[in-house]
Amino acid sequence: MVTRVVVSVLLLPLLLGIVYLLPAVAVPVSIACICALAVYEALVPTGFVKERRVVGYSILLAVCTPFWVYWGSDPVVGRGAVLFYVLALFLEGMASQKRLKVEQLGGAFFIAVFVPMFLSAFVRLRGTEDWRFVILLPMVVAFCSDIFALFAGMFFGKHKLAPQLSPKKTVEGAIGGAVAAPVCAMLYGLIFQFFVPGIMPSYLVLALYGFLGSIISQLGDLSFSFIKREFGIKDYSNLLPGHGGILDRFDSVIFCAPLIELLLYFLPVVR
C-alpha cells in the first residue's frame, strides 16, 4: 500500500506537467506511449500472441491512432490504416503454418483498436474550449472511485462482488466508490473554480458524471480482470510498483474517458 501511494504521488506532478505546462501535442504523445504499453501487456505477458510481427503491427496501429485523432485526419486515412493492418494480420496468419489462430488475430485486432480509440478521448478533450477543466475529469472520477472502493471494501466489505474475476472486490466497496466519486467530482469543480476564474461548473452535472463514471470505471476494471483470469495472471506487468502494469492502472480510465466525452457532448458541465 505504501509503495502504491508513493508511486501515485510521484506520478501526479508528471501528469500535471504534461497536461498544463507542455504544448498540446504532449497529450497525444503521452497517450500513444500508454497505448503502446497497454497493447504489449495485453498480448505478450498474457501469452495470447507470441508472433513478434503481429505484436509490432498492433502496437504501430495503437501508436498512430492518437495522432490521427489529434491532427483531425480524413476518415479515409483511418480506414486505410485499419485495412492494411487487417491485411497484415491475415498474411501473418496464412504464413504461420497454422501457428496463429483466428482467435489470436481477432484478439489482437480488438485490443489494438478499442484501447487507443477509447484513450484518444483525452486527445479530443484537449481540443475542447474548456479543456483545462474537463481533461482530468475521467482520471479524477476513475481514480477516486478506485481508491474509495478499495477503502470501503477494506473496512466494510462482506459480500463478494465478482469472486471469480476479482476475489477482493466487494459489493460494499463498489457502493463506496459510486458514492465517493460524485463527491470527489464536485470537490474537483470547487477547487478548479476557486483557482481558475471564469470556470462555472454545474455541480449537479458533476455529481452525475461522478456516479455514472464510477459505474463504468468499475465495469472496466472487471473487464480487464476477466482477461487476466482467462490467462491466469495476477498483473499485466510490474512496470508501476504497487499498481502492476499500465493496464492494471488505466483499466478503469479506458472506459471512463469516452463516457465523460459523451456526457460532455449531451450534457455540458461548464456553463
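See the structure above.
Structural notes, computed from the coordinates. Keep in mind the model is a prediction, meaning the values are calculated, not measured.

The rules behind the values
- Residues numbered from 1 in each chain as written.
- Predicted model: local features only at pLDDT ≥ 70, side-chain atom pairs only at ≥ 80, totals over all residues.
- Heavy atoms only, no water.
- Core = buried A, V, L, I, M, F, W, Y, C linked by side-chain atoms within 4.5 Å.
- Buried < 20%, exposed > 50% of the residue type's maximum accessible area, 1.4 Å probe, protein only.
- Helix = DSSP H or I, 4+ residues; strand = E, 2+ residues; numbered from the N terminus.
- Polar contact = N/O pair within 3.5 Å; in protein donor to acceptor, adjacent residues only side chain to side chain.
- Contact = heavy atoms within 4.5 Å.
- Salt bridge = Lys/Arg side-chain N within 4 Å of Asp/Glu carboxyl O.
- Patch = residues over 30% accessible without salt bridge, like charges linked within 9 Å, V, L, I, M, F, W, Y side chains within 5 Å.
- Areas by Shrake-Rupley, 256 points an atom, 1.4 Å probe, with all protein chains shown as cover.

Another aspect to go through is the nonpolar core. One recurring pattern in soluble globular proteins is that nonpolar side chains are buried together. In this structure, Phe122, Phe133 and Val269 are the most contacted members of the largest nonpolar core, which totals 68 residues. In terms of residue count, helix H11 (residues 246–266) provides more of this core than any other element does, 12 residues in total.

What follows is about the side chain of Asp221. On the secondary structure map, Asp221 appears in helix H10 (residues 203–231). On the basis of relative accessible area, Asp221 is assigned to the buried category, the value being 13%.

On to the side chain of Thr46. Inspection of the secondary structure assignment puts Thr46 in the loop between helix H2 (26–43) and helix H3 (52–70). With a relative accessible area of 8%, Thr46 lands in the buried category. Here the side chain of Thr46 touches Leu43 through a polar contact of 3.4 Å, landing on its backbone oxygen. Those residues in contact with Thr46 that lie beyond four places of it in its chain are Glu41, Phe231, Ile233 and Tyr236.

Tallied over the full model, the rule gives 7 salt bridges. A salt bridge links Glu92 to Arg53; its shortest N-O distance comes to 2.7 Å. Of this pair, Glu92 sits in helix H4 (residues 75–95) while Arg53 sits in helix H3, and the two are 39 residues apart along the sequence. The salt bridge involving Asp248 is made with Lys228; its shortest N-O contact spans 2.8 Å. Pair noted here: Asp248 is in helix H11 and Lys228 is in helix H10, with a separation of 20 residues, a long-range link. Of the two residues, Asp248 and Lys228, neither departs from the other in class, the shared state being buried.

Turning next to a nonpolar patch on the surface. On the surface, a nonpolar cluster with roughly 890 Å² of combined accessible area is contributed by Leu208, Phe211, Leu212, Ile215, Leu219, Leu262, Tyr265, Phe266 and Leu267. Elements represented by at least two residues in the nonpolar patch include exactly H10 and H11. The element contributing the most residues to the nonpolar patch is H10, with 5 residues. With respect to the element layout, Leu208 can be found in helix H10. Taking the relative accessible area as the measure of exposure, Leu208 reaches 34% and is therefore partly exposed.

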